[in-house]
Amino acid sequence: MSDLDNLNAVTGTELTNEQIQGILQQIDLDILNLVRDGKLSALKYAIGGRAGQSTDRGANLQALLEARNHYQQLLNQRPGWVVSQANCDCGST
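Being a predicted model, the structure only gives us computed values, none of them experimental.

**Student:** Please clarify how the overall build of the chain should be interpreted in this entry.
**Tutor:** In terms of helices and strands, the chain carries two helices and two strands. The linear arrangement of helices and strands in the chain, starting from the amino end, is α-β-β-α. When the 93 residues of the chain are sorted by exposure, 10% land in the buried category. By sequence separation, contacts in the chain at least 24 residues apart represent 53% of the contacts at least 6 residues apart.

Below, the structure is given as structure tokens:
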């Protein structure tokens, strides 16, 4: 599939609460895997690829925490419950 030139043909729907919670769980798992077993360090490590890019785990942790904060805010903006009220005359006088 080729890259898009613009966003004109892109459509989508709003994320559901369950989808956002799934994203948060994946981010939490990524954070846990990054920091466990002493993997978190200031040392840079190479990422395979022709560009020879490198990054450090501290920067990755910061990016994950920022992403987590963004999705948590999206979830917090949703109503906790929906209240409805029926108006029933039900034959009472």
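**Student:** I tried to follow a nonpolar patch on the surface on my own but got confused; where do I start?
**Tutor:** A cluster of nonpolar side chains, L4, L7 and V10, forms an exposed patch at the surface whose accessible area comes to about 340 Å². You can see L4 is positioned in the segment before helix 1 (17-35). By relative accessible area, which is 62% here, L4 ends up exposed.

**Student:** Honestly, the pattern of salt bridges in this entry has me stumped. Any pointers?
**Tutor:** When charged atoms on two side chains of opposite charge get close, those side chains can pair. Applying the stated criterion across every chain, the model contains two salt bridges. Between E14 and R78 there is a salt bridge, and its shortest N-O distance comes to 3.3 Å. Separated by 64 residues along the polypeptide, E14 in the segment before helix 1 and R78 in the segment after helix 2 (57-76) bring together distant segments of the chain. Assessed through its relative accessible area of 63%, E14 is described here as exposed.

**Student:** Even after reading the chapter, I still don't get the environment of A67, so can you show me in this structure?
**Tutor:** Looking at the element boundaries, A67 is found in helix 2. Taking the C-alpha atoms as reference points, A67 and I23, separated by 44 residues in sequence, lie 9.5 Å from one another.

**Student:** Could you clarify how one ought to interpret the nonpolar core in this entry?
**Tutor:** Soluble globular proteins: nonpolar side chains tend toward being buried together. Grouped together as the largest cluster of nonpolar side chains are five residues: I27, I31, L34, L61 and L64. Of all the secondary structure elements, the ones that give two or more residues to this core are helix 1 and helix 2. A per-element tally of this core places helix 1 first, with three residues.

**Student:** Help me understand the packing of helix 1 against helix 2 in this model?
**Tutor:** Geometrically, a packed helix pair is captured by the angle between its two axes and the distance between the axes. It is the contact of helix 1 with helix 2, at a shortest axis distance of 10 Å, that shows an interaxial angle of 160°. Considering their axes alone, helix 1 and helix 2 lie roughly antiparallel with respect to each other. Helix 2 is crossed by helix 1, and the crossing has left-handed handedness. Contacts from N17, I20, Q21, I23, L24, I27, D28, D30, I31, L34 and V35 in helix 1 reach R57, N60, L61, L64, L65, A67, R68, Y71, Q72, L74 and L75 in helix 2. Here the residues of the contact of helix 1 with helix 2 are counted per class, giving 14 nonpolar, four polar and four charged.

Thresholds, definitions, all that
Residues numbered from 1 in each chain as written. Predicted model: local features only at pLDDT ≥ 70, side-chain atom pairs only at ≥ 80, totals over all residues. Heavy atoms only, no water. Helix = DSSP H or I, 4+ residues; strand = E, 2+ residues; numbered from the N terminus. Buried < 20%, exposed > 50% of the residue type's maximum accessible area, 1.4 Å probe, protein only. Contact = heavy atoms within 4.5 Å. Patch = residues over 30% accessible without salt bridge, like charges linked within 9 Å, V, L, I, M, F, W, Y side chains within 5 Å. Areas by Shrake-Rupley, 256 points an atom, 1.4 Å probe, with all protein chains shown as cover. Salt bridge = Lys/Arg side-chain N within 4 Å of Asp/Glu carboxyl O. Core = buried A, V, L, I, M, F, W, Y, C linked by side-chain atoms within 4.5 Å. Axes fitted to C-alpha atoms, helices over the stretch in contact; angles between N-to-C directions. Parallel < 35°, antiparallel > 145°, perpendicular 65-115°, else oblique. Left-handed = near helix turned anticlockwise from the far one by under 90°. Nonpolar A, V, L, I, M, F, W, Y, C, P; charged D, E, K, R; others polar.

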